[in-house]
Amino acid sequence: MNANPSGWRPSTPEAVTLDGEGAPTSTGNRALMLEEGLIFEIGSLNNCGVDLPTPSAETSTRLGGMSRSTPPALPGLSEPEMVRHYTRLSRQNYAIDLGLFPLGSCTMKHNPRLNEKVARMAGFADLHPLQPMNSIQGALGVIDELAHWLVTLTGMHSVAMSPKAGAHGELCGVLCIRAALEARGDPREVMLVPSSAHGTNPATAAFAGYKVEAIPAGDDGRIDFAALKARLGPDVAGLMITNPNTCGLFERDMIAICEAVHAAGGYVYCDGANFNAIVGRVRPGDLGIDAMHINLHKTFSTPHGGGGPGSGPVVLSEALAPYAPLPYVTKAADGSFELVEEGDEGAGESFGRMAAFHGQMGMFTRALAYILSHGADGLAQVSGDAVLNANYVLRALEDVMEAPFAHAGPCMHEALFSDEGFAKGFSTLDVAKALIDEGFHPMTVYFPLVVHGAMLIEPTECESKAALDEFIGALRGIVERARAGDEALHLAPLYAPRARLDETAAARKPKLVWSD
Ligand SMILES: *Cc1c(COP(=O)(O)O)cnc(C)c1O
């Protein structure tokens, strides 16, 4: 196999020598870290990892003259070549199984192996969603039991299980709000969103047909309650608010906020992505919210990153429950489980479907395994330890990093820092890239937008004090270089398979088709 095909270069051989640490190699490989081309650049079209039978004459006549005259331009790799290709690529990646993953708002926690074992049991993993109901009673039971836990932990009325991720859950909740308003003959136009919100919130509201208006944050990083009250009125469908919010702070006026929105005839959507910080301690239903998604892949430890899979069940208040999407699971008097579908009695005033089937079964089994293995007391310890770890990071670094809301007391979810105090020309990006050289995934950067050069760090409950101290030490060293104006920082990462990429061009002009 050709590890370094022509026309394709490892990006930074010169960078490797910058500090005198070793010369470029002729292969581009560095010790056991192997360079790897694209799958189209390696192998040969004559190779195939499987033996396919020669099609019979009958098969080709059934194509009605549409059979291909040229072979498809598929990559040709033998099985061992293919295994090596993907293994090499995977070694260039970072994972929670390798080390601390400080991304704020993402809750990158350990994925217990017990969850994986349960999710792979043939009785769950090998089902087809169209199987007869009497043959999938165990799976429906898992959905029902998980739903029960989610409703209990949040103190809400019911839950829609089918949304496939947080953003999909937001859409589900906002469509319930829209359906409820239309049912009472009062369609409204505006959705209010705090300026610190995750980008998915305004995107969801706009996608559901609402005009989005931002409510500013106060000096303490929480929503400006006076500005919110002043804006409420008969055109406002609702408020989408995150709690704990994206500045890592608990919105302590939540009950009064919900009362004010309700008094003005609107509904409150809570973005529950940060539920990890309050699970087992605060029930959002007690605060008066109407809908909230729960990212099972964050709070309840199912693996995520790199685009999925996710799962975003939405807990609903009694007012919104009738509009929830179909299908949903019910338990009959004889203890058996059934699916309520369109046209069934009990389908109520549902706004429709969010997904073809019942939701992400693999995520449901993992999340339920996690919940049952922790129990109610264990879940309360999860949130306690997660918040303690975030505060440890905040207090350990606030002497070298500007923490804009640290004066407001402990943080409730993640530690938030700004780039204030860096030497001129040094930015949050330099710090994030240098963390890669130190062996860590970067933290969340430039979010939330209300803080200049934001760095958002959420260690989660999984990290030991020793792991936190290592991370803090690495970050402290980098920040001291940024404050001192160490020019070499602009070159980071020096040791990654690729140096700084043009991320804007990659996003704006992606090359999605391979051509020679
Ligand atoms: C992760 C996140 C979302 C979106 O959730 P997905 O599952 O990625 O769609 C929304 N809001 C906040 C605050 C988040 O952290």
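Remember, predicted model here, so these are calculated numbers, not experimental data. (Residues numbered from 1 in each chain as written. Predicted model: local features only at pLDDT ≥ 70, side-chain atom pairs only at ≥ 80, totals over all residues. Heavy atoms only, no water.)

## Some remarks on the pattern of salt bridges
Note the threshold: Whenever a carboxyl oxygen of Asp or Glu lies within 4 Å of a side-chain nitrogen of Lys or Arg, that contact is scored as a salt bridge. Only protein chains enter the calculation, and the probe is 1.4 Å; a residue is then buried if its accessible area is under 20% of its type maximum, exposed if over 50%, and partly exposed in between. Only DSSP runs of H or I reaching four residues or more are called helices, and only runs of E reaching two or more are called strands; each is numbered from the N terminus.
All chains considered together, the criterion is met by 23 salt bridges. The partner of Asp220 in a salt bridge is Arg222, with the nearest N and O atoms 3.7 Å apart. Given a relative accessible area of 29%, Asp220 falls into the partly exposed group. For Arg222, a relative accessible area of 9% corresponds to the buried category. A salt bridge links Arg476 to Glu480; its shortest N-O distance comes to 3.8 Å. With Arg476 and Glu480 both in helix H15 (residues 465–484) and four residues apart, this pair spans about one turn of that helix. You can call Glu480 partly exposed: its relative accessible area is 40%. Each of Glu116, Arg120 and Arg366 takes part in one network of salt bridges that share partners.

## Observations regarding the domain arrangement of the protein
Rule in force here: Note that the domain bounds were set by an automatic or database domain assignment. The criterion used for residue contact is that any of the two residues' heavy atoms lie within 4.5 Å. By definition, the buried area sums, over both parts, the 1.4 Å-probe accessible area that each loses when the two are put together.
Split by domain assignment, the protein resolves into domain 1 (114–369) and domain 2 (378–508). A C-alpha centroid distance of 30 Å is found between domain 1 and domain 2. Listed by partner, the interface residues are 26 residues for domain 1 and 23 residues for domain 2. Carbon and sulfur atoms supply 65% of the area that domain 1 and domain 2 bury against each other, a total of about 1700 Å² over both sides.

## Let's talk about the state of the cysteines
Rule in force here: Note on terminology: pairs of cysteine sulfur atoms within 2.5 Å are recorded as disulfides.
A full pass over the atoms with the stated rule returns zero disulfides. Here Cys172 stays unpaired: no disulfide links it, and the sulfur of Cys176, its closest cysteine neighbor, is 4.6 Å away. On the basis of relative accessibility, which here comes to 0%, the residue Cys172 falls in the buried class.

## Digging into the packing of aromatic side chains
Applied cut-off: Here the aromatic set is Phe, Tyr and Trp, taking the six-membered ring for Trp, and pairing holds for ring centres within 6.5 Å; pairs whose planes are under 30 degrees apart are stacked, those over 60 apart are edge-to-face, and all others are tilted. We call a charge positioned over a ring when the NZ of a Lys or the CZ of an Arg lies within 6 Å of the ring centre and within 35 degrees of the ring normal.
For the structure on display, the rule yields three aromatic pairs. Judged by centre distance (5.2 Å) and plane angle (80°), the ring pair of Phe440 and Phe471 falls under edge-to-face. Of the two residues, Phe440 sits in the loop between helix H14 (428–437) and strand S11 (444–445) while Phe471 sits in helix H15, which places them 31 residues apart along the sequence. Here Phe471 falls in the buried class, since its relative accessible area comes to 0%. Lying across the ring of Tyr210, Arg178 places its NZ or CZ 4.5 Å from the centre.

## Remarks on the sheet that holds S11
Basically, it comes down to this: Pairing between two strands requires that DSSP report at least two bridges joining them.
Read from one edge to the other, the open sheet built from three strands follows the order S10-S12-S11, with strand pairing classed as antiparallel. Of all the strands in the sheet, just strand S10 (415–417) and S11 have a single pairing partner and so form its edges. Pairing of S10 with strand S12 (residues 455–457) involves three bridges; the strand directions are antiparallel. Bridge pairing links Ala415 to Ile457 in S12.

## Quick notes on the site of the ligand
Inclusion rule: Here a residue is near a molecule or strand as soon as one of its heavy atoms is found within 4 Å of it. By the criterion applied in these results, polar contacts are pairs of N or O atoms within 3.5 Å in which, for protein atoms, one can donate a hydrogen and the other can accept it, and in which residues neighboring in sequence qualify only through two side-chain atoms. Every accessible area reported is derived by Shrake-Rupley at a probe size of 1.4 Å, with residue values counting cover from the shown protein chains alone. Following the grouping adopted for this structure description, the nonpolar residues are Ala, Val, Leu, Ile, Met, Phe, Trp, Tyr, Cys and Pro, the charged ones are Asp, Glu, Lys and Arg, and the polar ones are all others, Gly among them.
Around the ligand, the structure places Ser105, Ala165, Gly166, Ala167, Glu170, His198, Thr200, Asp271, Ala273, Asn295, His297 and Lys298. Note that an oxygen atom of the ligand is positioned 2.7 Å from one of the side-chain N or O atoms of Ser105. At a separation of 2.5 Å, a nitrogen atom of the ligand approaches a polar side-chain atom of Asp271. If the ligand stood free it would expose 380 Å²; the protein chains cover 85% of that surface. Counting only elements with at least two residues in the shell around the ligand, the list comes to helix H7 (166–183) and helix H12 (296–299). Broken down by element, the shell around the ligand gets its largest block of residues, three residues, from H7. Looking at the shell around the ligand, its residues break down into three nonpolar, six polar and three charged.

## A look at the UniProt feature "domain: Glycine dehydrogenase C-terminal" (unreviewed entry) in the protein
Going by this rule: UniProt positions are given in the numbering used here, feature names are shortened, and annotations may be inferred rather than shown by experiment.
Per the UniProt record, "domain: Glycine dehydrogenase C-terminal" (unreviewed entry) is annotated on residues 385–482. For residues 385–482, the end-to-end C-alpha separation is 31 Å, with 42% helix and 8% strand making up the annotated structure.

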